[in-house]
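Notes for the structure review
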Amino acid sequence: MTDEIHELIIVGGGPAGLAAGIYAARDGLDCLLLEKGMAGGQIVVTAEVANYPGFPEPLAGMELARRMEEQARAFGLRIAEEAVTGLVPEGRSILLRTAAGERRARAVIVATGASYRRIGVPGEERLAGRGVSYCGTCDGPLFAGGRVVVVGGGDTAVEEALFIARFASSVTVVHRRDSLRAGRHLRRRASAEPKIAFAWNTVVREILGGEKVQGVIAEDVASDRRREIPCDGVFVFVGTMPNTGFLEGAVALDDRGYVVTDIRMRTSVPGVFAAGDVRADSVRQVASSVGDGVTALLEAECHLAGLEG
Ligand code: NAP
């Protein structure tokens, strides 16, 4: 750690952060990308990315992330494994508090993405890693020949249910409404998959099991009637929460904690930009996150030029 002030620090190494990093490094900016763990973001746990333009053959999310990182490093982007814990505007520069100390930059791009949400029912925490999972790509193969419950009705739930159905003997998608939120293409694929069944208007009230998951207590939301669905695994895909704890009190967030930006990715703090899933208006696609990252970078360059002028 030094007293140096970087031109740009990018926080987060998913598609938005890496896209910004590719442009920044190629433009010769003094730029550092901070990532708390492995670069790649949420696509790393996506079995297959089939809608990213330019890749007609579906690509594992891990592989797409690896290629983005390789491209960024090839342009000379420096990446440090360091969690950011706070952000303090200091006039012409921005202070970042990190697990390793403090860093300063003239501009910051926040691209910290979002993390999975829990359903918060008895048994969920205790049985996490013992049959309760939040990543089909990681844990789906563990349930070969088994019975699986998937909770949720969005794109993630349906996409992951389809992936898990490659291994499991049956997948029951438990959804709290009578229709899926997931897009048409995924809805069609799921209804054509004989291993997938739906429990509509149903919520999981409890996850059962001693050492391992043995079933769930499911409740019909109209009648309140409860029944047990025996299963070996429970996968929860009920949306995400933004990774913005370190921004509280420093940058304007919406009521769900996502960063508020304008269409040029500018936040409430001059010099601080946000891109990708962490942003309030994000449509949460790899392609849109990449676009956000590039927009944020070009705006950050305008900001830097303004500081010089
Ligand atoms: P999401 O779209 O927010 O869907 C969350 C689902 O969980 C909804 O069906 C919701 O029910 C349900 N839910 C929320 N809280 C719940 C609770 N406490 N108990 C039971 N159910 C609950 O989240 P997502 O599926 O993770 O998708 C996130 C974003 O990524 C979306 O914009 C999506 O389009 C995008 N995405 C796209 C792709 C793709 O294009 N292939 C793949 C994955 C994700 P309700 O429907 O009743 O609200």
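These lines cover the structure that appears in this document, whether it is placed above or below. Bear in mind that the values here come from a model prediction, so they are computed numbers and not experimental data.

A separate point is the overall build of the chain. Helices and strands together make up the secondary structure of the chain, namely six helices and 17 strands. A globule of 309 residues ought to have a C-alpha radius of gyration of about 19 Å, and the chain, at 21 Å, matches this closely. Each principal axis of the C-alpha atoms in the chain carries an extent, and together these give about 65 × 40 × 35 Å. For the chain, buried positions account for 49% of its 309 residues. For the chain, restricting intrachain contacts to residue pairs at least 6 apart in sequence, the fraction spanning at least 24 positions comes to 59%. With an accessible surface of roughly 14,800 Å², the chain has 49% of that area assigned to carbon and sulfur atoms. Taking the 35 positively charged and 40 negatively charged side chains of the chain as two groups, their mean positions are separated by 5 Å.

Turning next to the packing of helix α1 (residues 15-26) against helix α2 (residues 61-74). Think of two packed helices as two axes; the pair is described by the angle between the axes and how far apart they sit. Direction vectors running N to C along α1 and α2 enclose 25 degrees, while the axes themselves pass 9 Å from each other. Compared by their axis directions, α1 and α2 come out roughly parallel. As for the relative orientation of α1 and α2, their crossing is left-handed in sense. Contacts between α1 and α2 pair Pro15, Leu18, Ile22 and Ala25 from the former with Ala65, Met68, Glu69, Gln71 and Ala72 from the latter. Its residues assigned to classes, the contact of α1 with α2 shows seven nonpolar, one polar and one charged.

Before going further, it helps to examine the site of the ligand. If you check the shell around the ligand, you find 19 residues, and the closest are Asp155, Thr156, Arg176, Arg177 and Arg181. Backbone polar atom of Gly153 to an oxygen atom of the ligand: 3.1 Å apart, as the coordinates give it. For the ligand, whose free accessible area comes to 920 Å², the fraction covered by protein is 77%. Taken together, the residues that form the shell around the ligand break down as four nonpolar, eight polar and seven charged.

Cut-offs and rules
Residues numbered from 1 in each chain as written. Predicted model: local features only at pLDDT ≥ 70, side-chain atom pairs only at ≥ 80, totals over all residues. Heavy atoms only, no water. Helix = DSSP H or I, 4+ residues; strand = E, 2+ residues; numbered from the N terminus. Rg over C-alpha atoms; globule rule 2.2 N^0.38 Å. Buried < 20%, exposed > 50% of the residue type's maximum accessible area, 1.4 Å probe, protein only. Contact = heavy atoms within 4.5 Å. Areas by Shrake-Rupley, 256 points an atom, 1.4 Å probe, with all protein chains shown as cover. Lys, Arg positive; Asp, Glu negative; His and termini not counted. Charge placed at Lys NZ, Arg CZ, Asp CG, Glu CD. Axes fitted to C-alpha atoms, helices over the stretch in contact; angles between N-to-C directions. Parallel < 35°, antiparallel > 145°, perpendicular 65-115°, else oblique. Left-handed = near helix turned anticlockwise from the far one by under 90°. Nonpolar A, V, L, I, M, F, W, Y, C, P; charged D, E, K, R; others polar. Near = heavy atom within 4 Å. Polar contact = N/O pair within 3.5 Å; in protein donor to acceptor, adjacent residues only side chain to side chain.

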